[in-house]
Amino acid sequence: SAQSSVAKTKAMPPQDGRRIKDAIAQIARPLPLTDIRLTGGPLKLVQDADAKYLLALEPDRMLVYFRKRAKLPTKVEGYGGWDGAGRNLTGHIAGHYLSAVCLMFAATGDARFKQRADYLVSELVLVQDSDGYLGALMDDKNVDGKTRFEELKQGSIRSGGFDLNGLWSPWYVEHKIYAGLRDAYRLTGNRTALDAEIKFAAWAESIVQPLDPAQTQRMLQTEFGGMNEIFADLYADTGDLRWWNLSDKFEHAAVRDPLARREDKLGGLHANTQIPKLIGSLARYQYRGAPDDGAAASYFWDAVVDHHSFATGGHGKDEYFGPPDDLAERLDGRTNESCNVYNMLKLTRSLFALRPDIKYAEFHERALFNHVLGSIDPTDGRTCYMVPVGRGVQREYQDMFENFTCCVGSGMESHALHADGLYYESPGKLWINLYAPSTAEWKSAGARLTMATGFPEGETATLTVAITSPKKRTIALRRPLWAGDGFTVTVNRKPIADLPKPGSYVEITRTWKSGDTVTLTLPKTLRSEPLPDNPRRVALLWGPLVLAGDLGPQRGEEPHVSAPVLVAAERPVADWLKPVPGAALASFRTDGIGRATTGTLGVQDVSFVPFYRLHKRTYTAYSDLYTPQEWSVKADSIAAAQKKQQMLEAATVGFVQPGMMQAERDFAQAGEDSTPDRVLGRPGRRARGWFSFDLPVDPAHPMALVVTYSTQEFGNRTFDVLVDGKKVAEQTIPRRGPGSATSASPFFDVETPLTADLVKDKKKVTVRFQATKGNETAAVFGIRMIRGDSPR
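Our subject in this report is the structure included herewith.

Conventions used here
- Residues numbered from 1 in each chain as written.
- Predicted model: local features only at pLDDT ≥ 70, side-chain atom pairs only at ≥ 80, totals over all residues.
- Heavy atoms only, no water.
- Helix = DSSP H or I, 4+ residues; strand = E, 2+ residues; numbered from the N terminus.
- Buried < 20%, exposed > 50% of the residue type's maximum accessible area, 1.4 Å probe, protein only.
- Salt bridge = Lys/Arg side-chain N within 4 Å of Asp/Glu carboxyl O.
- Phe/Tyr/Trp six-rings, centres within 6.5 Å; stacked < 30°, edge-to-face > 60°.
- Lys NZ or Arg CZ within 6 Å of the ring centre and 35° of its normal.
- Pairing = 2+ DSSP bridges.
- Axes fitted to C-alpha atoms, helices over the stretch in contact; angles between N-to-C directions.
- Contact = heavy atoms within 4.5 Å.
- Polar contact = N/O pair within 3.5 Å; in protein donor to acceptor, adjacent residues only side chain to side chain.

**Notes on unusual backbone geometry**
Next up, step 1: Looking along the chain, the bond that leaves F455 and enters P456 is cis, with omega of 15°.
Next up, step 2: Its place among the elements puts P456 in the loop between β9 (447-453) and β10 (460-467).
Next up, step 3: The backbone of N142 shows a phi angle near 65°, a positive value even though the residue is not glycine.
Next up, step 4: Relative to the helices and strands, N142 is located in the loop between α6 (111-131) and α7 (145-153).
Next up, step 5: For N142, a relative accessible area of 61% puts it in the exposed group.
Next up, step 6: Of note, N336 is a non-glycine position whose phi angle comes to about 65°, a positive value.
Next up, step 7: Locating N336 in the fold gives a position in the loop between α15 (291-307) and α16 (338-354).
Next up, step 8: On the accessibility criterion, N336 (0% relative accessible area) is buried.

Below you can see the structure in the form of structure tokens.
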């Protein structure tokens, strides 16, 4: 019962959830969240916003579909969005939320979060007790998820990227519930959660145990989250090899094995599907020393960070990896999913603990203070699905009580984890990796540390020691790779000479006593960071902070905004990017080198501010650099294109912008199995069935149809274009479209002349796009009816 479940909850979390001795010992153990408290600064600000959001959510609403599936009475109406009924990720939010309140309890000590965790566990146990299954999944035919899993057990496996036997990534959803139970045990000491996790693991074992290796690997072609991690963790928490063997069942050989051989075959893979697998592989390496697992996780991190990531620490375009170092033409649009960075930081912190290489701390700082801080608006707590880094983009904020996407779920956890990895310890030594206002209990030394800093925008940090009795210990403070000339360290106001080079640790060994202080000066300088495949496409950085160019308010439904270019190639950034005098917070502005890429192409200087601060704005995180001579040639090319566009508009009889509500109404949009789309902020429409618009014609002139498509298609598209029911073209748009690798714009036009009989004696015609051959149409971003005899 719920009452007995709560009664079994311990008052304090276990000192160590693990019942085993790790095969690969942690060299640097992170200080637990329970021993660190954020005391100010932007990390604390967004942690507080997340805490407020977690307390505003209603656990009973997350449990509605669990109870419905178990045929238990419901108490309230369920949440919607991705956590709603049917082929959604129903149940994932309850798992994320359970983990999040446990993490927030550890991070703050606020008992309200433990109460939420205890309640959720007790309610989940009631569901589990009803029939042994713990889930909320139902497919779009109203078939119970438990039944679909039974089909798997019998060897009937229909697996695609996100569909497994008619369910949307069901193991991914179950992983969130397993992880919530694990965290409730590890972080709040709830023994009932461990009991429920063991019982739930036995159910999973009954499903996958009958499958042979080929069947199992086929099942793993569908996203399954970190199922290998969760059963490895359960093995660690119980010492029962049964769960280690179950973890084996979720090792995806097609992904792990090439990585273990140091082969980067990530291009074309859904990015966040892969990261949890490697988090699991690293846990398996730690617990039992599995060498392929360790090699795969380590190489994966190197490949993603060094060859697939943008300046803010994120990666991926439309959720997918591209080829290594192929970033310049994948820059614009929907880049940098927040779930990915959340998971990469989990992997990063674990790698540092096993192998304390400073490169992990450098990435942690980069991703945390740019992407993660930039993924939540501290004024209202709204988190972002995508936090793009392109030119003329905006963030994808979520409706926090309606959408419940994957990134809402991971965001609940992410913003409770900001103190994780600030401090690590090894025998006789404390590592300080990131500088944030905080206190830390270094219990093995009997010391309490206080870090005072205005970082990430401030340039000093002071550590104050309070200790029970003087002790000889080493404190290792990271000298960031970006901290060059002017970096200093003083102990009790006395400078340390012979400091190590940037990108290393300043190790101070002494007998520490209460009142000792260490002060660092962390000077930040301006620099550019080019993309590997285009040295003239750069991000601008100030110390560890990416600077974003402010292009005005968020656009809503308006088309993509063109970002200015910077005529400053081959010049030091500090020569042309200047601090704004008197600004309360860090702000910079270009000095005479910005050029507009539309209109008169004149001077358009841009204000730059730290990326993480630029909320509800249109912005550019990368800029194109030109020399004056190069810009002169480019400006002529742009001017010619603008003149061509003006002539096209003069020839236009009618133009409709698909994907825009009012425009679609004005032009009588109709269709079946059709949806809006958006690329680079430009709206469009596509269909698995068809869609149509009515456009005016001028029968006194020959007519032509001009349709705008994009180079950014995920697959080959073949479809028919019809005018008043007559096919005028069979259109094929290949994956990544014509000229996608070299074109300056991802949009291109296709012109089709219309025969005179199609427009004779008419004022308008119906233009229809019809999917064929089981395919779908390409997205259409503009439909223009023009006079075919007009100059252009």
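Still more to cover.
**Notes on the pattern of salt bridges**
Next up, step 1: According to the stated counting rule, one finds 64 salt bridges in the structure shown.
Next up, step 2: Two residues, R284 and D293, come together in a salt bridge whose shortest N-O distance is 2.9 Å.
Next up, step 3: A relative accessible area of 4% places R284 in the buried class.
Next up, step 4: A relative accessible area of 2% places D293 in the buried class.
Next up, step 5: Among the charged side chains, a salt-bridge network with shared partners connects R182, D183, R186, E229, D233 and D237.

**Comments concerning the packing of aromatic side chains**
Next up, step 1: Applying the stated rule across the entire model yields 36 aromatic pairs.
Next up, step 2: Look at W431 and Y505: their rings are 5.3 Å apart centre to centre, the planes differ by 85°, and that puts the pair in the edge-to-face class. Of this pair, W431 sits in strand β7 (residues 429-432) while Y505 sits in strand β14 (residues 504-512), placing them 74 residues apart in sequence. Residues W431 and Y505 agree in their burial class; the two are buried.
Next up, step 3: Feature note: the residues Y133, F149, W171, Y178, F200, W203, F224, F231 and F250 constitute an aromatic cluster, connected by ring pairs.
Next up, step 4: The ring centre of W244 lies 5.2 Å from the NZ or CZ of R288, which sits over that ring.
Next up, step 5: The ring of W431 has K429 lying over it, and the distance from NZ or CZ to the ring centre is 3.7 Å.

**A look at the sheet that holds strand β26 (residues 652-656)**
Next up, step 1: Strand order in the open sheet formed by four strands is β26-β34-β29-β32, with antiparallel pairing between adjacent strands. Two strands in the sheet have a free side with no partner beyond their single neighbour: β26 and β32 (747-753). Along the sheet, successive strands turn relative to each other by an average axial angle of 20°, direction set aside.
Next up, step 2: When strand β29 (residues 703-710) meets β32, the two strands line up antiparallel, connected through seven bridges. Bridge pairing links V706 to E751 in β32.
Next up, step 3: Against the sheet, helix α20 (residues 628-650) makes contact with β26, β32 and β34 (782-787), and its axis sits at roughly 70° relative to β34, the strand it touches most.

**Comments concerning the environment of T453**
Next up, step 1: You can see T453 is positioned in strand β9.
Next up, step 2: Sequence separation between T453 and Y435 is 18 residues, and the spatial gap between their C-alpha atoms is 7.1 Å.
Next up, step 3: Setting aside its immediate chain neighbours within four residues, T453 contacts Y435, A436, P437, T460 and A461.
Next up, step 4: In terms of polar contacts, T453 uses its side chain to reach the backbone amide nitrogen of F455, at 2.9 Å.

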